[in-house]
Amino acid sequence: MASVPIEHALILAGVLFILGLTGVIVRRNIFFILLSIEIMLNAAGLAFVAAGARWGAADGQVMFIFILTMAAAEVSVGLALVLRLVGRFRTLDVDAASQLRG
Amino acid sequence: MSAPDLIALLPLLIVAATTLAAMLLIAFYRHHQATAGVTVAGLLLALASLSLTTPHIPRVVTPLLVVDGYALFFLGLVLATTAVVTALSYRYLEPAAENVEEYYLLLLMGALGGGVLISARHFVSFFLGLELLSVSLYTLVAYTRSQSHRIEAGLKYLILAGTASAFLLFGLALVYAEQGHLVFEDVVLSDPSLFLLSGMGLLIVGVAFKLALAPFHLWTPDVYQGAPAPVTAFVATVSKGAVFALLFRFFGGVRIAEQPALLAAFGAIAILSMLAGNLLALVQDNVKRILAYSSIAHLGYLTIAFLVGGELGQTAAAFYLAIYFVTTLTAFGVVTWLSTAEEEAEALDDYRGLFRRSPHLAGIFTVALLSLAGIPPTAGLISKVYVALAGVSVSLWAPLLVLVAGSVAGVFYYMRIVITMWRDPAGDEQAVSFSAGHAPAGYLILNGLTLALLALGVYPFFLIQIIERALGAGG
């Protein structure tokens, strides 16, 4: 079986990571920001799986499962905050909540 | 897992068990005082169990965790700090009309995450500890529904800390791709490959985010201002202390000063943090924001101790962190005392005439501010000199120069708060009651912390001996 070179997998993960980072910076809708963070985390997960494949070890995949679990926990807190943002400001635009300077 | 393994993990196990006990208690019997009592009792029990653990160190428990003198010292610091924050929170949350019991669960889980971070020696435990701490903090920052800027602070912290976690994980993945295993070991940077170099770079960005080091410090003032005052104290101490302890463990025996790439990266971060923290604090008129920028500067000073590395650097950093914890808790303790969950005392004007309204409380705040500024006879001076001397030993002249200049700038903004407290009250502010009858735990703790600051300023060798013994025992 022809295997994918590690560089290709890591470059793909890097591209995904940068796409996610761009989304976090550019988007103003809180849902898309949370989605972009998810893309960044999954890019890191992909890099772990690729690295695990390079060493023929399961560690990378174990790490990916941990990342999935943590992303679920993080997004549940995030969605709770989204509910409160909508409840108070009636919008999904994060710029609505900018009373603190900075 | 054998009995000595379990005993070595006892402090962490007790904190985890307390979390469960408190959760069950809330399910059956919702009572603020009882929940806070269980939390403090569990934390004190975990502190006491440190002495049971001591004969068994150093010990590697599973590939994930290592319990040694270094871990026990920081674990003690984190547990004691969490107990103090719990006591301070109790009075702060008491008037809140909503459910406040879950707050203590989150504090306990944050402390557990900090403890795991401190004893981590593996990427998995590093990641799990960090997320346990961070996810608890997202919720704590946004706790109490009454104020809309809580939501904003919570969202900002969630987005930025989530991004930082992604940076960290991607960095770890690249290091793993190069290294082939997940256990921490001395990083070899003599002839780094592209993967390793970019991995370390991403890792440093992630950690600098969590420690609020410049240029990744932008979230700090907003989160400090928006979060409830006791939570701010928790973010400033436990969260940063645990990540810093991990940083030392990760770079282990590496002498940073002898690695040009790392020295340049961390040196630049230290200098930028000291500059940004001290200069931006000068133009703030909100006490919580001033303390936020001051914490950025302090973490910059601390990075100098990290640059020194080795035993000297570790001792200096442990000493500095211990004093920084006590000072920060005192300062935020006073802010917490003056605040309630509905109304925060954060504007500089809220502190006008505090010397007339409550000389005792104003005196405590003054000692804390003097210690932050590093003015004798407080402990802050000793810890700053200790770090500076450690820096001199490896000739870190540029960061040291900034440290001295930053300390001079620091005197201005700390003194500004002190002078405000001497000014006449703006109008109808009533006297602040500060007595043991009102909330004995908070009263005793604030006085005790202040005495500790003064005592350690006069006789620091007591603490230094404890640290040297802890680090000597397999640190």
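The paragraphs below set out a description of the structure included in this document. Starting from 1, residues in each chain are numbered consecutively following that chain's sequence as written. Labels follow written order: the first chain is A, the first ligand is 1, and so on. Restriction of local features to residues with pLDDT of at least 70 applies here, the model being predicted, together with a cutoff of 80 or more for giving and counting side-chain atom pairs; totals for whole chains, interfaces and linings are based on all residues.

## So, the overall build of chain A
Inference 1: To qualify as a helix, a DSSP run of H or I must reach at least 4 residues; to qualify as a strand, a run of E must reach at least 2; elements of each kind are numbered from the N terminus. A count of helices and strands for chain A gives 3 helices and 0 strands.
Inference 2: All radius of gyration figures rest on C-alpha atoms, and the globule criterion is 2.2 Å times the number of residues raised to 0.38. The C-alpha atoms of chain A give 17 Å as radius of gyration, which overshoots the globular expectation for 102 residues (13 Å, by more than 25%).
Inference 3: Taking the principal axes of the C-alpha coordinates as reference, chain A spans close to 55 × 25 × 25 Å.
Inference 4: Evaluated residue by residue, chain A yields a buried proportion of 34% over its 102 residues.
Inference 5: Contacts in chain A between residues at least 24 apart in sequence constitute 46% of all its contacts with a sequence separation of at least 6. Here the C-beta atoms are placed from the backbone, and a residue counts as buried if at least 20 other C-beta atoms lie within 10 Å of its own, exposed if 12 or fewer do, and partly exposed otherwise. Any residue pair is listed as a contact if its two C-beta atoms, each placed from the backbone, are within 7 Å.

## Quick word on the overall build of chain B
Inference 1: Summing up its helical and strand segments, chain B has 19 helices and 2 strands in all.
Inference 2: Against the 2.2 N^0.38 benchmark of 23 Å for 475 residues, chain B shows a C-alpha radius of gyration of 21 Å, consistent with a compact globule.
Inference 3: With respect to the three principal axes, the spread of C-alpha positions in chain B is 65 × 55 × 40 Å.
Inference 4: Of all 475 residues assigned to chain B, the portion counted as buried reaches 60%.
Inference 5: Pairs at least 24 residues apart make up 80% of the contacts formed inside chain B by residues separated by at least 6 positions.

## Quick look at helix α15 (residues 359-373) of chain B
Since there are 3.6 residues in each turn of an α-helix, residues three or four apart along the chain are aligned in direction.
All names here are of chain B.
Inference 1: Relative to the 21 Å expected for 15 residues at 1.5 Å per residue, α15 spans 21 Å between its end C-alpha atoms, a close match to the ideal helical length.
Inference 2: Burial within α15 is extensive, with 12 of its 15 residues counted as buried.
Inference 3: Residues Leu361, Ala362, Ile364, Phe365, Thr366, Val367, Ala368, Leu369, Leu370, Ser371, Leu372 and Ala373 constitute the buried set of α15.
Inference 4: Looking at the buried side of α15, the elements it contacts are α12 (287-308), α13 (310-338), α14 (354-357), α16 (379-393), α17 (397-422) and α18 (440-458).
Inference 5: Of the residues one or two after α15, Gly374 is the one with positive phi, at around 80°. For a helix, the expected span equals 1.5 Å multiplied by the number of residues minus one.

## Here we look at the interface of chain B and chain A
Inference 1: The partner chain A presents 36 residues to the 34 residues of chain B that form the contact.
Inference 2: Elements that contribute at least two residues to the side of chain B that touches chain A include exactly α6 (123-141), α7 (148-179) and α9 (219-226) of chain B.
Inference 3: Among the elements that make up the side of chain B that touches chain A, the one with the highest residue count is α7(B) (18 residues).
Inference 4: Looking at the side of chain B that touches chain A residue by residue, the classes come out as 22 nonpolar, 9 polar and 3 charged. Throughout this entry, Asp, Glu, Lys and Arg are counted as charged residues, while Ala, Val, Leu, Ile, Met, Phe, Trp, Tyr, Cys and Pro are counted as nonpolar. The remaining residues, Gly among them, count as polar.

## Some thoughts on the packing of helix α10 (residues 229-251) of chain B against α12(B)
All names here are of chain B.
Inference 1: Interaxial angle, 0 to 180 degrees, is taken between N-to-C directions of lines fitted to C-alpha atoms, where a helix line uses only the stretch in contact. Where α10 contacts α12, the two axes come as close as 12 Å, and the packing angle between them is 15°. By the angle class used here, α10 and α12 are roughly parallel. As α10 packs across α12, the resulting crossing turns out to be right-handed. In contact with Thr232, Ala236, Lys240, Phe244, Leu247 and Phe248 of α10, α12 contributes Lys288, Ser295, Leu299, Leu302 and Phe306.
Inference 2: Here the residues of the contact of α10 with α12 are counted per class, giving 7 nonpolar, 2 polar and 2 charged. By definition in this entry, angles of less than 35 degrees are roughly parallel, angles greater than 145 are roughly antiparallel, angles of 65 to 115 are roughly perpendicular, and the rest are oblique. Handedness of a helix crossing follows the sense of rotation of the near helix relative to the far helix, less than a right angle counterclockwise being left-handed and clockwise being right-handed.

## Regarding the nonpolar core
Inference 1: Throughout this description, the term nonpolar core refers to a group of buried Ala, Val, Leu, Ile, Met, Phe, Trp, Tyr and Cys residues whose C-beta atoms join them within 7 Å. Ranked by internal contacts, the top residues of the largest apolar core, which has 215 residues, are A:Ala44, A:Ala47, B:Phe170, B:Ala173 and B:Tyr320.
Inference 2: Of the residues forming this core, the biggest block, 20 residues, is contributed by α7(B).
Inference 3: Not counting residues up to four positions away in its chain, the partners in contact with B:Ala173 are A:Ala44, A:Ala47, A:Phe48 and A:Ala51.

## Structural notes on the environment of B:Leu182
Inference 1: Mapped onto the elements, B:Leu182 comes out in the loop between α7 and α8 (194-211).
Inference 2: By the C-beta count within 10 Å, which is 25 here, B:Leu182 ends up buried.
Inference 3: Among residues more than four places away in sequence, those in contact with B:Leu182 are A:Asp59, B:His122, B:Phe123, B:Val124 and B:Tyr176.

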